[in-house]
Structure formats: structure tokens, C-alpha cells
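Chains, contacts and geometry: an overview
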Amino acid sequence: MIKTRFAPSPTGQLHIGNIRTALFAYLYARHTGGKFILRIEDTDIERSHEDFTVALMEDMRWLGLEWDEGPDAGGGNGPYRQSERLAIYKEYAEKLVSEGRAYYCYCSEEEIEERKAKLEAEGKPPHYDGKCRHLSAAERKTLEAEGRVPVIRFWSYEEDFEFDDVVKGNVKFPKGMVGDFVILRSNGLPLYNFAVVIDDMLMEVSHVLRADEHLSNTVRQLMIYKACGVKSPVFAHMALVLGPDKKKLSKRHGATSVDEFRKMGYLPESLLNYLALLGWSSPDGREILSKDDLIKLFDLDRLSTSPAIFDPVKLDWIAKHDVINSDIERIFNLALPYIMETGLIDDAYLSDTKNRDFLKGVVQLTRGYCSRLSQIKEHIDYFLNDDFEIHPDAMAFLKKDTSAPVINAFRELILKETGDVGEEQFVKIADEISRRTGVKGKNLFMPLRAALTGRPHGPEIYFLIPVIGSERTVKRLDRALGLIG
Ligand code: GLU
């Protein structure tokens, strides 16, 4: 069975690059009918925090990346937090010692550094020099009597290693690249390269998808697999995600964590869709893809070998499509907290169904201008508040000589209308204004828009009027006429 895993270290908020890795591992498992594991790699005690574990699980759930095995989901190969697996690492490390593939090492950091510097000065590779490889029981006792607590060090193979990476192709590690390395610290905590192999092995992970910054670690991992007598999993080291300036994606580029995108009001499916395009492309060239589409189409053979560029414009393009096409009830409910943030409405206002329906109409009308729901705030003001600010570009239109006659004509004609002014009526009214004033096109529509919204852009006027209502429409026209003076 295909088994993939996501193995984050909970040392910060989930970053776009990390979650992209999680998504690909998830999609591959789902595509193949396999299993997806979440494993928390929290052995860096100082930098790991439970809050980050909680947050990353929340981010994954929000995006819909549910795991089959993991903390709180169970599975037969737990526990799924490395900090709860220390006895397992100890057992395997000691087994390697008993087999002569690892040994207790009593050298202090300073002693090792000193000897490394010497080797370097002699032009030799600065590897651990193997001092503790052959200690007798008596020698160990003496060192322990000095108060030294040993680490367990892996005895590296003196041979070439190679493997076929799904993304990178054949990768070779010539012998002598790595010296003997620590697998278990004196405090019982494992090192990454050891813990990851023991866990992937015991959890029966078949495919390791991860960032290509781990490529150089793979040689140590291959050695541990060999020592354990276990075939290594298939590796896919994915190219990095870069910012639009082709530098490593970082805070400088704006939002980079899942949490930030969620708080801005992006829909989870938009982020998921966009993330999938960071280093993968669909065989049919489609870019708007649902989670089901992604599961159906995702495969490892279309992973890109070159870095992916994070493009916020493309994310917004996908996101806008989703905001427009999603169920209005859902969009309204998701937009509501942002509308509340404006302070223009409160719970009492919302308890009236008429108000709710009005607001829903506003959201329906303006959602096409939003790729993230926080942007709804920019469009709410002129619907709720008749005293909205007038944008300078809108004011410039109002001040044109032709504007007052247009607004006056519109005022007169709209007052004559008895029913709703929809598109058909509005086109007739506009023709009549044009006939009376000789003004048409932009010079006719812009002053009306400016008077009704205070902005140069926004929903079609004939969509606006039924939502605002005729009475408030006239009030706004009067206000604009007053401003023109
Ligand atoms: N904890 C490692 C990381 O977050 C996992 C690397 C791996 O997938 O092997 O980078």
C-alpha cells in the first residue's frame, strides 16, 4: 500500500512551502487509495511548541487535508509525536550498537571541534575521527567515572550511495562524504536523520515527499536503512517555492503562512488549488481545480524540477473565481465577521431579517470584487452609510460641467418610476438622460456612480439601485448636487 506522510517540526506557523509539501503527500495518498500520516517531529525541545502543533493541525483541517494516522487520529504505528517515541529510538540505537554499526561516544563538543580543526588544517575532511569506535568495556567505565555521558554515534559506511529520486533523477553520494554521525544525544533525544528513518520504517511509509533542502540528508538516511536491513522508501525531493523576485519565499514577500491567508479571508479551496500549482501542473492544462479534480489528476510524474514562483496575482485570480461561484449563503456567513469589523453594524442590526437580507444582497453584489473576504469591507461603507466619503477620482467626475444636468435628469426620471429599477428600466432612463442633456457614455455613468457610491468603480448601477432602494438613491443624488454646488 502507498503510504505518505507529512512530518512538520512545530517550530512556527505553517508556511506556504511546508503546506505545499503536505498537500502533495496528501494528494498522492488519496490518488492511489493509500494512507496519509501526520507525524509531529518535535524533538527539538527548545524550538518546538504545542501551540504550533495545535495550529498546524487546525490549518490542515481548514484546508481539508485530513490524515488517516496521526496524533488524535490513531493508527497502528503510533505514537505520532516523536517526543513520545523516545523509548523506540533508544531501542533501535542500542540495537545498532549491539550489531557494531553504532557506538557510544564520550568525546565532548570541544574535543571534537579541536580535532576537526586539526584535520582541516591538514587538508583532510573534518569528520569525526573514530576515536571511540573501539572502546573496551573497561575504557567506557573509566570515561563514565569521569562523569561523561555518551551519545550514540553511527559508524558510517565507507562506500558510495545512490538512489533514484522521483524529481531529481539519479542522485549519487560518493564515499567519504559523511563521517560517523550522532544518532542519539546524551539526553536521549534522537537526531533528525535517525528518528525520521526509524519512524518512516516503522510506519511503513512508502513514499517520502519533502523539500529539496533535505536532499543532502538522504545519504545518512540511506545508511541507516541499510544498517536496519530495510529497503528505503521512494523519495521525491521537491523544488523550492520562491517569491516573485525569485528569492526564497519569506516575510518580505507579504503573507507566507496558512494562518495569514485564512485570516485575510481566502477560501480554503482557493489556497488549496493554488498550492497544487506550485510545482505541479495538471495533464490537461486546467488551472481551476477542485480538491476532487486534484485527487483524480495528481501524480508524481508531473512534479516540476525547477523552483515554483509564488504569484499572488494568480492566487487572487483563482480566489476571485471561487468567491463568485461559491454558495452565497456560505460567502455571506464567511464575510459577516469582516463586515462586523467595520463597526457599521451590530448584533441588534443583524437580528432583523430584513437587514440580513439587505446585507446578503450587498455581498452578492460586491463579491465579484473580492478575492478574499476581508475585501468586502471596502465595499460595505457606501451601502450602509449615506454619508460615505467621496473618492477624489469620483469627485473629479462630479465637478464636470455636464454632471449636474445628468444627475438632475436622473433624479427626475427615477422619481417617476414606480417599480424596481433594474437593467431594462435603467437603460431606458439612461437613453432619456442622454436625449435631454446630450451627454453619453462615461460622462453620463460616472457622475451617477460617483453620486451613488462615492467611487469610480463598483457594481453596475442597475444592480445597485434595487439594493439601495429608490428613496436612498434620491437622497444620494441630492447630496451630490449639494456638493457640486
Ligand atoms: N521535520 C522535517 C522538516 O520539517 C521533516 C523532513 C522530512 O520530511 O523528512 O523539515
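Figured I'd write up the structure that's included with this text. Positions within a chain are numbered from 1, following the residues in the order the chain's sequence is written. Where totals are concerned, whole chains, interfaces and linings use all residues; where local detail is concerned, this predicted model gives features only for residues with pLDDT of at least 70, and gives and counts side-chain atom pairs only at 80 or more. Computation of side-chain values covers all heavy atoms of the structure but excludes hydrogens and water.

1. A look at the overall build of the protein chain
Along its length, the protein chain carries 21 helices and 11 strands. Over its C-alpha atoms the protein chain spans a radius of gyration of 32 Å, topping by over 25% the 23 Å that the globule rule assigns to 485 residues. In terms of its C-alpha atoms, the protein chain occupies a principal-axis envelope of roughly 110 × 45 × 45 Å. Each residue is assigned to one of three classes by its accessible area relative to the maximum for its type, calculated with a 1.4 Å probe on protein chains only: buried under 20%, partly exposed between the two thresholds, exposed over 50%. Looking at the 485 residues of the protein chain, the share that counts as buried comes to 49%. Residue contacts follow a heavy-atom distance rule, with two residues in contact if any of their heavy atoms lie within 4.5 Å. At a minimum sequence separation of 6, the contacts of the protein chain that also span at least 24 residues come to 74%. Counting from the N terminus, the helices are DSSP H or I runs at least four residues long and the strands are E runs at least two residues long. For the radius of gyration, the atom set is restricted to C-alpha positions; the globular benchmark scales as 2.2 Å times the number of residues to the power 0.38.

2. A short note on the site of the ligand
By convention in these notes, a residue is near a molecule or strand provided one of its non-hydrogen atoms lies within 4 Å of it. Surrounding the ligand, one finds R5, A7, P8, S9, E41, Y192, V196, R210 and H214. Here R210 contributes a side-chain N or O atom positioned 2.9 Å from an oxygen atom of the ligand. Whenever two N or O atoms come within 3.5 Å, that pair is a polar contact, provided that in protein one can donate a hydrogen and the other can accept it, and provided that, for residues adjacent in sequence, both atoms are side-chain atoms. Contact between the ligand and H214: an oxygen atom at 2.7 Å from a side-chain N or O atom of the residue. Burial of the ligand by the protein chains amounts to 83% of its free accessible area of 300 Å². Using the Shrake-Rupley algorithm and a 1.4 Å probe, accessible areas are obtained, with residue cover drawn only from the displayed protein chains.

3. Remarks on the packing of aromatic side chains
By convention, a stacked pair of Phe, Tyr or Trp rings (six-membered ring in the case of Trp) has centres within 6.5 Å and planes under 30 degrees apart, an edge-to-face pair has planes over 60 apart, and any other such pair is tilted. On inspection of all chains with the given rule, the structure shows 18 aromatic pairs. Ring geometry for F410 and F426: centres 6.1 Å apart, planes at 80°, overall edge-to-face. Of this pair, F410 sits in helix 17 (residues 403-416) while F426 sits in helix 18 (residues 423-437), placing them 16 residues apart in sequence. No difference in accessibility class separates F410 from F426, as the two residues are buried. Seen in terms of ring centroids, F426 and Y462 are 6.2 Å apart; in terms of plane orientation they differ by 50°. Their pairing is tilted. Taken as a pair, F426 in helix 18 and Y462 in helix 20 (residues 461-468) lie far apart in primary sequence, 36 residues in all. Looking at Y462, the relative accessible area reads 16%, which means it is buried. Connected via pairs of aromatic rings, a cluster forms that spans F410, F426, F445, Y462 and F463.

4. Some thoughts on the environment of D51
With respect to the helices, strands and loops of the structure, D51 is situated in helix 2 (residues 50-63). Between the C-alpha atom of D51 and that of Q13, which follows or precedes it by 38 residues, the distance is 9.4 Å.

5. Details of the pattern of salt bridges
Salt bridge, as used here: a side-chain nitrogen of Lys or Arg that lies within 4 Å of a carboxyl oxygen of Asp or Glu. In this structure the tally under the stated criterion is 46 salt bridges. A salt bridge links K314 to E287; the nearest nitrogen and oxygen atoms lie 2.5 Å apart. In this pair, K314 sits in helix 11 (residues 312-325) while E287 sits in the loop between helix 9 (268-276) and helix 10 (291-297), placing the two residues 27 residues apart along the sequence. By relative accessible area, which is 25% here, K314 ends up partly exposed. Of the charged contacts, one joins R411 and D478 as a salt bridge, the two residues approaching to 2.5 Å between their closest N and O atoms. Here R411, found in helix 17, pairs with D478, found in helix 21 (residues 470-484); they are 67 residues apart in sequence, far enough to count as distant. For R411, a relative accessible area of 25% gives the class partly exposed. When its relative accessible area of 33% is taken as the criterion, D478 is described as partly exposed. Shared partners join several salt bridges into a network, and the residues in it are R5, R39, E41, R85, D199 and D200.

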